[in-house]
Amino acid sequence: MENKKSMEVSSAMKPLIPGNFETGKVNRSPLWKRFIAQRHLQTMALLGIAWMIIFNYIPMYGIIIAFKDYNIVKTIAEAPWVGLTHFKEFMDDDNLSNVIKNTLGISLFKLIIGFPLPIIFALFLNEVRSMKFKKTIQTISYLPHFLSWVVLGGILATWLADIGIINNILLALHLIDQPITYLAEPGYFWTIIISSDIWKELGWSAIIYLAAISGVSPEMYEAATIDGAGRFQKMWYVTLPAIKSTISILFILAVSGVLNSNFDQILVLRNSLNDSASNVIDYYVYYTGILSGRFSYSTAVGLLKSVIALILLLIANQVSKKINDTSLF
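Overview of the structure. (Residues numbered from 1 in each chain as written. Predicted model: local features only at pLDDT ≥ 70, side-chain atom pairs only at ≥ 80, totals over all residues. Heavy atoms only, no water.)

**Some remarks on helix α8 (residues 149–159)**
In plain terms, the rule: Only protein chains enter the calculation, and the probe is 1.4 Å; a residue is then buried if its accessible area is under 20% of its type maximum, exposed if over 50%, and partly exposed in between. The helix and strand labels rest on DSSP assignments: H or I over at least four residues marks a helix, E over at least two residues marks a strand, and numbering proceeds from the N terminus. Relevant arc is that of directions from the helix axis to the C-beta atoms, nothing else. By the convention used here, residues are in contact when the closest approach between their heavy atoms is within 4.5 Å.
Of all the residues in α8, the buried ones are Trp149, Leu152, Gly153 and Leu156. For α8, the angular spread of buried residues about the axis comes to 105°, placing them on one side. Away from the buried face of α8 by more than 90 degrees, exposed residues Val150 and Thr158 are located. Buried residues in α8 make contact with α10 (186–214) and α14 (263–269).

**Some details on unusual backbone geometry**
The phi torsion at Asn262 lies on the positive side, around 60°, for a residue other than glycine. Note that Asn262 resides in the loop between α13 (244–256) and α14. Although it is not a glycine, Asp325 sits at a positive phi angle of roughly 60°. Relative to the helices and strands, Asp325 resides in the segment after α17 (295–324).

**A look at the packing of aromatic side chains**
Within a pair of aromatic rings, the relevant descriptors are the distance that separates the centres and the angle that separates the planes. Short version of the rule: Here a Phe, Tyr or Trp ring, Trp counted by its six-membered ring, pairs with any other such ring whose centre lies within 6.5 Å, and the pair is stacked when the planes are under 30 degrees apart, edge-to-face when over 60, and tilted otherwise. The rule for a charge over a ring is simple: NZ of Lys or CZ of Arg within 6 Å of the ring centre, and within 35 degrees of the ring normal.
Considering all chains together, one arrives at 17 aromatic pairs under this definition. For the ring pair Phe90 and Tyr284, a centre distance of 6.0 Å and an interplane angle of 45° mean the geometry is tilted. Here Tyr284 lies in helix α16 (residues 281–291) and Phe90 lies in helix α4 (residues 85–91), a separation of 194 residues in the sequence. By relative accessible area, which is 5% here, Tyr284 ends up buried. Taken together, the ring pairs connect Phe263, Tyr283, Tyr286 and Tyr287 into an aromatic cluster. Across the ring face of Tyr283, the terminal group of Arg270 is positioned such that the distance to the ring centre comes to 4.0 Å.

Next comes the structure, spelled out in structure tokens:
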């Protein structure tokens, strides 16, 4: 009966495979027959390809307006070519130094502080023996991820107001003499942005590391226990090396996005009073392009940002390949 069942399964799988694994021969049946045999899988794949072409590749045609003097009166084809004029204009912009400083400052602090915290959180959460307590902590930690920044921004604005809960607690503890309007003070803006981003994404980011940790062989922990290793030694000498490749891949992606400052978060929490600390590249592109109508100029700034991000990705990928023998490509 077992042989009969295995023969039935193998015969059912034959239309789905491109060749015969037993003889090594490639399936030479017509392409349309193979497509029909795999129609369900092919339909799913084609829908994804169609979505990518429509929303990712067709809009790329509009990038050429970065090299043109475009306005909404004329079509893209009718707009005159101006070469690198908009790029030079951005380099001479008085706001350039402030925009670069805010963008790199916020992003680098998020990378330095926000990147290792989910790893540490996943390592300690993995050591929790009570499954009920572990699931409760994990659920509470990644719940903020499912709330949009519009909702969280409103919550933070209420908490950080001069009559908000933060000021009330600090006043009750006599840590401050009078209420502070935190979102109106540029000096507090970076701290608010970085800490709120960590609060929102800590638990969700840790899920990837917990999934990688779950794939570590229990035999390695048993061997470490026999050798007399404690919990912290197991984390350092067993768990971390086992998930090194996952950490490397996510770090490469994080480095490539160092010029991204989470536009949704910035847009919700910024105002005219903290503009000197909140004017980042993403908001600058939005302000000059959408609000000021300088479409060609904002496209040039966005394109320059994308080129730099690609260069950072390639550099981080090569460094990771040489150091850890792990890379995206």
